[in-house]
Each structure stands twice: as structure tokens, then as C-alpha cells.
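Listed here are the chains, written in short residue letters.
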Amino acid sequence: MKEIIKQHEQKMSKTIDVLSKELSAIRAGRANPAVLNKLTVEYYGTPTPLPQVAAVSSPDPRSLQIQPWDASILRDIEKAIQTSDLGLNPQNDGKVIRLTFPPLTEERRKELIKQCSKIGEDAKVAIRNIRRDAIDKFKDLKKKNEATEDEVKDGEQQIQKITDKYVKEIDGIVAKKSAELKEV
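Counting restarts for each chain, with residues numbered from 1 along the sequence as it is written. Local features in a predicted model are, by the rule used here, given only for residues with pLDDT of at least 70; side-chain atom pairs are given and counted only at 80 or more, and totals for whole chains, interfaces and linings are based on all residues. Side-chain calculation: all heavy atoms of the structure are included, whereas hydrogens and water are not.

1. Structural notes on the nonpolar core
Part 1 of the argument: By convention a nonpolar core is built from buried Ala, Val, Leu, Ile, Met, Phe, Trp, Tyr and Cys residues, the set being connected through side-chain atoms within 4.5 Å. In this scheme, a residue with accessible area under 20% of its type's maximum is buried, one over 50% is exposed, and one in between is partly exposed, where area comes from a 1.4 Å probe on protein chains only. By size, the foremost hydrophobic cluster in this structure holds 28 residues, and its most contacted members are Met12, Leu23 and Ile170.
Part 2 of the argument: Runs of H or I in DSSP of at least four residues are treated as helices and runs of E of at least two as strands, each being numbered from the N terminus. Mapped onto this core, the elements with two or more residues apiece are helix H1 (2-24), helix H3 (106-143) and helix H4 (149-183).
Part 3 of the argument: Residue contacts for Met12: discarding those within four places in its chain leaves Ile127, Ile130, Arg131, Ile159, Ile162, Thr163 and Tyr166.
Part 4 of the argument: Within the second largest apolar cluster, 20 residues are counted, among which are Val35, Ala54, Leu99 and Phe101. Only heavy atoms enter the contact rule, under which two residues are in contact if any of them lie within 4.5 Å.

2. A few points about H1
Part 1 of the argument: For a helix, the expected span equals 1.5 Å multiplied by the number of residues minus one. Helix length check: H1 (23 residues) gives 33 Å between terminal C-alpha atoms against 33 Å at 1.5 Å per residue, within 8%.
Part 2 of the argument: Every buried residue of H1 is accounted for by Ile4, Ile5, His8, Met12, Thr15, Ile16, Leu19 and Leu23.

3. Brief notes about the environment of Pro33
Part 1 of the argument: Within the secondary structure, Pro33 is located in the loop between H1 and strand E1 (40-43).
Part 2 of the argument: For Pro33, a relative accessible area of 31% translates into the label partly exposed.
Part 3 of the argument: It is 9.4 Å that separates the C-alpha atoms of Pro33 and Ile66, two residues lying 33 residues apart in sequence.

4. Section: the pattern of salt bridges
Part 1 of the argument: Any carboxyl oxygen of Asp or Glu within 4 Å of a side-chain nitrogen of Lys or Arg constitutes a salt bridge here. On inspection of all chains with the given rule, the structure shows eleven salt bridges.
Part 2 of the argument: We note a salt bridge from Arg75 to Glu78, for which the minimum N-O separation is 3.5 Å. Here Glu78 and Arg75 lie together in helix H2 (residues 74-83), a separation of three residues that amounts to about one turn.
Part 3 of the argument: Overall, Glu78 belongs to the buried group, its relative accessible area being 14%.

5. Thoughts on the side chain of Asp70
Part 1 of the argument: With respect to the helices and strands, Asp70 occurs in the loop between strand E4 (63-68) and H2.
Part 2 of the argument: Buried and without a salt bridge, Asp70 has Arg75 as its closest oppositely charged side chain, separated by 13 Å.
Part 3 of the argument: A polar contact of 2.9 Å, which involves the side chain of Asp70, links it to the side chain of Ser72. When charges are counted, neither His nor the chain ends are considered; positive counts come from Lys and Arg and negative counts from Asp and Glu. Any pair of N or O atoms that falls within 3.5 Å is considered a polar contact. Within protein, one atom must be able to donate a hydrogen and the other to accept it, and sequence-neighbouring residues count only if both atoms are side-chain atoms.

6. Focus: the confidence of the model for the protein chain
Part 1 of the argument: A score between 0 and 100, pLDDT records how confident the predictor is in each residue. Mean pLDDT over the protein chain stands at 87; residues scoring 70 or higher make up 97%.
Part 2 of the argument: When mean pLDDT is taken per element in the protein chain, H3 scores highest with 92 and E1 scores lowest with 86.

7. Details of the sheet that holds strand E6 (residues 97-100)
Part 1 of the argument: Criterion used throughout: strands pair if DSSP finds at least two bridges between them. A sheet is described by the order of its strands in space; here four strands give the open sequence E3-E4-E6-E5, paired in antiparallel fashion. Since the sheet does not close on itself, it has two edges, and those belong to strand E3 (54-60) and strand E5 (91-92), each with one partner.
Part 2 of the argument: To get an axis, a line is fitted to the C-alpha atoms, and for a helix only the part in contact is used. The angle between two axes follows their N-to-C directions and goes from 0 to 180 degrees. Packed onto the sheet, H2 meets E3, E4, E5 and E6 and runs at close to 20° relative to E6.

8. Description of H2
Part 1 of the argument: All buried positions along H2 are accounted for by Leu74, Ile77, Glu78, Ala80 and Ile81. Taken end-on, H2 shows its buried residues confined to a sector of 160°, consistent with a single buried face. The exposed residues of H2 that point more than 90 degrees off its buried face are Arg75, Lys79 and Thr83.
Part 2 of the argument: For H2, the elements touching its buried residues are E1, E3, E4, E5 and E6. An arc is given here, and it is the one of the directions from the helix axis to the C-beta atoms.

9. Focus on the packing of H1 against H4
Part 1 of the argument: Here H1 crosses H4 at 10°, and the two axes come no closer than 11 Å. On the basis of their axis angle, the class for H1 and H4 is roughly parallel. Residues Ile5, His8, Glu9, Met12, Ser13, Ile16, Leu19, Ser20, Leu23 and Ser24 of H1 form the contact with H4, whose own contacting residues are Gly155, Gln158, Ile159, Ile162, Thr163, Lys165, Tyr166, Glu169, Ile170, Ile173, Val174 and Lys177.
Part 2 of the argument: In the contact of H1 with H4, the residues fall into eleven nonpolar, seven polar and four charged. Any angle from 65 to 115 degrees is called roughly perpendicular, while one under 35 is roughly parallel, one over 145 is roughly antiparallel, and all others are oblique. Residues are grouped as follows: nonpolar covers Ala, Val, Leu, Ile, Met, Phe, Trp, Tyr, Cys and Pro; charged covers Asp, Glu, Lys and Arg; every other residue, Gly included, is treated as polar.

10. Considerations on unusual backbone geometry
Part 1 of the argument: We note that Tyr44 has phi near 50°; this positive angle belongs to a residue other than glycine.
Part 2 of the argument: One can find Tyr44 in the loop between E1 and strand E2 (46-49).
Part 3 of the argument: A positive phi is found at Asn145, a non-glycine position, where the angle reads about 60°.
Part 4 of the argument: With respect to the helices and strands, the residue Asn145 is situated in the loop between H3 and H4.
Part 5 of the argument: According to the relative accessible area criterion, Asn145 is exposed, its value standing at 66%.

Structure below.
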């Protein structure tokens, strides 16, 4: 029982990590190199994450500078940025690519807050699915007579407490990101 609870708590923790990564990729008006982490660039025929083929720096709060390790992929990086959903227009000077982040409009800000909420809801669903999986495993133990009714009830209560803790944590993370979007 304790092993099942431990495994499922680790899965819930990983869900929180994924949520944090997804929310960090949402730009909040300031230039954040994390928004480029999901971009992939064709590098010798292989889709490669942008941070693995270039140095990304932030010379000022409203812009990013991308310096590829191999100058021959400058055009590929530019194309990847243009086809992405970032809504940015890259400026290529032949050596580096500069991205300028426009200030967020009120409409875009509301859109991003909705997107944060949706990502948070998806994470909550994942947490609840992990809880359901754990409860199913407890019931299987009961059917196989490897656990008593009371042990199953205790296990369900423990996994519910853990679930509640992680759902509360998700709410906090989403609220923090939403507040960050509102203040920019």
C-alpha cells in the first residue's frame, strides 16, 4: 500500500513539474528565454531543440538574442520562429537573430490568463487520473485478499489527502502566473 502511494505521489509531483514548465513557456510581457525551449530547428535533418543549437540571451527586458553555434542554421532558426505560435518577428543580421517582444495588449493578456487556467485544469485532471489509478490498485489488492477493507479505506484517504495537496499547489501556481500576466 505504501509503495503504491509513494509511486503515485511521485507521478503527481512530475505533473507539477510539467505544469511549471508549460507555464514558464507563456510569455508575460518580459523577454524570457524559456519561451523558446519548445521550438525545434531542422539541424542536419534532425529536429533539434533550439537551446541545443544556439545561445539565447536577454540583452534587455523586451528582447532576446539568439546566437547559433553554427551560422549555417540561422535561416532555419528564423523560419522556426516565424512558423511558431509566438507571434514574434525575428530580425536576422547574418550573425544573430533578435526578437523584440511587444507589450501585451489587454485582449492578449486575457487570452494568456485563460490559457494558464486551461493548462492548470489539464494538470488537475492528470492528478485526479493518478488518484483514480491508485484507488483501482487498492481495490485490486482487496480482490486478491492482499489487503483488508480498512487498509483500502486508509489508502484511499491518504491518496485523497495527497491529491488535495497537489490540486491546491496547482491552483497556487496558476494564480501566481495569472497575477504575473495581469501586472505586466
